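# Coordinates in review
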Amino acid sequence: MTADYLSLSYWDVALAALFLLLNAGLSIRLRLGLAQQIGVAAGRMVVQLLLVGLVLKAIFAAGSPWLTAGVALLMVGFAAREVWARQERRLAGPWGWGLGGGAIAFAGSLVIVVGLAALIRPEPWWSPRFALPLFGMILGNALTGVSLALDSLSTTLDRERRSVEAQLLLGATRWQAVRPVTRRALRSGMMPIINAMAATGVVALPGMMTGQIVSGVDPTEAVKYQLLIMFLIAGATACGVLLAVLGGVRRLTDRRHRLRLDRLRPPKRES
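Residues numbered from 1 in each chain as written. Predicted model: local features only at pLDDT ≥ 70, side-chain atom pairs only at ≥ 80, totals over all residues. Heavy atoms only, no water.

## Looking at the overall build of the protein
Assigned secondary structure in the protein consists of eleven helices and zero strands. For the protein, the sequential pattern of α-helices and β-strands runs α-α-α-α-α-α-α-α-α-α-α. Across its three principal axes, the protein shows a C-alpha extent of roughly 70 × 55 × 35 Å. A burial count over the protein gives 34% of its 271 residues as buried. For the protein, the share of sequence-separated contacts (at least 6 apart) that also reach a separation of at least 24 residues comes to 73%. Accessible surface for the protein amounts to roughly 16800 Å². Of this, 65% is attributable to carbon and sulfur atoms. Side-chain charges of the protein comprise 29 positive and 14 negative groups, with the mean position of each set lying 9 Å from the other. (Helix = DSSP H or I, 4+ residues; strand = E, 2+ residues; numbered from the N terminus. Buried < 20%, exposed > 50% of the residue type's maximum accessible area, 1.4 Å probe, protein only. Contact = heavy atoms within 4.5 Å. Areas by Shrake-Rupley, 256 points an atom, 1.4 Å probe, with all protein chains shown as cover. Lys, Arg positive; Asp, Glu negative; His and termini not counted. Charge placed at Lys NZ, Arg CZ, Asp CG, Glu CD.)

So, in structure tokens, the structure goes:
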């Protein structure tokens, strides 16, 4: 099916923003104290998206593999920072950033290369028009799973420290002693993408699929692309969560089968 592309003007976008003004007005009327936060968040979103649009337009026009790789590395850096920031008990030193960032970088890179080179097959295969948006979606979901998994691992080990150390004293290896904690962390990291897949289509239509349909793409083609993206996201999330949790267990134990919670930073102080 071929359809014309429906272009939006900035006036159309401004009219849609009237709903935000309604939200701010309700906040003021009900004394929720959210009006300023709504305004700041909306302003940041507008500025950030406009800048991203300009940057992506320039990158697409340049068509440079090195520029595309540089932007991808920048995205990984921001994702690593988000993984680090979302944990209550963080690994001390470079491990705090490196473990989560390395896990999602490896998983995301592996999945995006396979997805582009073997499945979508654009020309060239690293085309920034395909690579960067897909990589962003994969990273965004993978960082959520990895951050939840690492947070569950560290906080549960801290809470069940005596139980784990008792098993170690009775002769269990470090992998045997932390097996229940490891399983819980893996489940925590995988649950968001499992819930997302279960709800997709019945409860909600994903944003990418909706955008394609609105812009004129045949719904059956949009569905195929959405399924492909969800499978890539699920694969990257599972791989990243597994790498992060196994790496976290190795870091929080040692070869002498001791628990090393001293390698965690102190918990965040509540203000």
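## Structural notes on unusual backbone geometry
In this chain, E123 is followed by P124 through a cis amide linkage whose omega measures -10°. In the Ramachandran plot, H257 falls in the positive-phi region, its phi being about 60° despite a non-glycine side chain. Mapped onto the elements, H257 comes out in the segment after α11 (219-251). Exposure remark for H257: the relative accessible area of 35% places this residue in the partly exposed category.

## Some thoughts on the nonpolar core
Core analysis: the biggest nonpolar cluster contains 47 residues, and I104, I138, V146, L157 and V164 have the highest contact counts within it. Secondary-structure elements contributing two or more residues to this core are α4 (65-85), α5 (95-120), α6 (128-159), α7 (161-169), α9 (179-199) and α11. The biggest single contributor to this core is α6, with twelve residues. Excluding anything up to four places from it in sequence, I138 contacts G108, V111, I112, L232, I233 and A236. (Core = buried A, V, L, I, M, F, W, Y, C linked by side-chain atoms within 4.5 Å.)

## What about the pattern of salt bridges?
In this structure the tally under the stated criterion is nine salt bridges. Residue D254 is joined to R258 by a salt bridge in which the shortest nitrogen-to-oxygen separation is 2.8 Å. (Salt bridge = Lys/Arg side-chain N within 4 Å of Asp/Glu carboxyl O.)

## Let's talk about the environment of G100
For G100, the location among the structural elements is in helix α5. With 36 residues separating them in the primary sequence, G100 and G136 have C-alpha atoms 16 Å apart. Once residues within four sequence positions are removed from consideration, G100 is found in contact with V83, V146 and L150.

## Regarding the packing of helix α10 (residues 207-214) against α11
In contact at an axis separation of 9 Å, α10 and α11 are set at 155° when each is read in the N-to-C sense. When the axes of α10 and α11 are compared, the pair comes out roughly antiparallel. Every pair of crossing elements has a handedness; the one defined by α10 and α11 is right-handed. Contacts from M208, M209, Q212 and I213 of α10 reach α11 at P219, A222, V223, Y225, Q226 and I229. Per-class residue counts for the contact of α10 with α11 are eight nonpolar, two polar and no charged. (Axes fitted to C-alpha atoms, helices over the stretch in contact; angles between N-to-C directions. Parallel < 35°, antiparallel > 145°, perpendicular 65-115°, else oblique. Left-handed = near helix turned anticlockwise from the far one by under 90°. Nonpolar A, V, L, I, M, F, W, Y, C, P; charged D, E, K, R; others polar.)

## Things to note about the environment of A172
Inspection of the secondary structure assignment puts A172 in the loop between α7 and α8 (174-177). A172 gets classed as buried once you look at its relative accessible area, which sits at 17%. Distance from A172 to H257, taken between C-alpha atoms, is 8.2 Å for residues 85 residues apart in sequence. Not counting residues up to four positions away in its chain, the partners in contact with A172 are Q167 and A177.

## Some points on a nonpolar patch on the surface
Together, F19, L22, L26, L30, L32 and L34 make up an exposed nonpolar region whose accessible area comes to about 620 Å². Its location among the elements puts F19 in helix α2 (residues 18-29). Relative accessible area serves as the criterion here: at 60%, F19 is assigned to the exposed category. (Patch = residues over 30% accessible without salt bridge, like charges linked within 9 Å, V, L, I, M, F, W, Y side chains within 5 Å.)

## Re the packing of α6 against α11
For any two helices packed against each other, the geometry comes down to the angle between their axes and how far apart the axes lie. Between α6 and α11, the shortest axis-to-axis distance is 8 Å and the interhelical angle comes to 35°. When the axes of α6 and α11 are compared, the crossing they make is right-handed. Touching L134, M137, I138, N141, A142, G145, V146, A149, L150 and L153 of α6 are I229, L232, I233, A236, T237, G240, V241, A244, V245, G248 and V249, all from α11.

## Observations concerning the side chain of T182
Topologically, T182 is positioned in helix α9. Apart from residues no more than four positions distant in its own chain, T182 is found in contact with V245 and V249.

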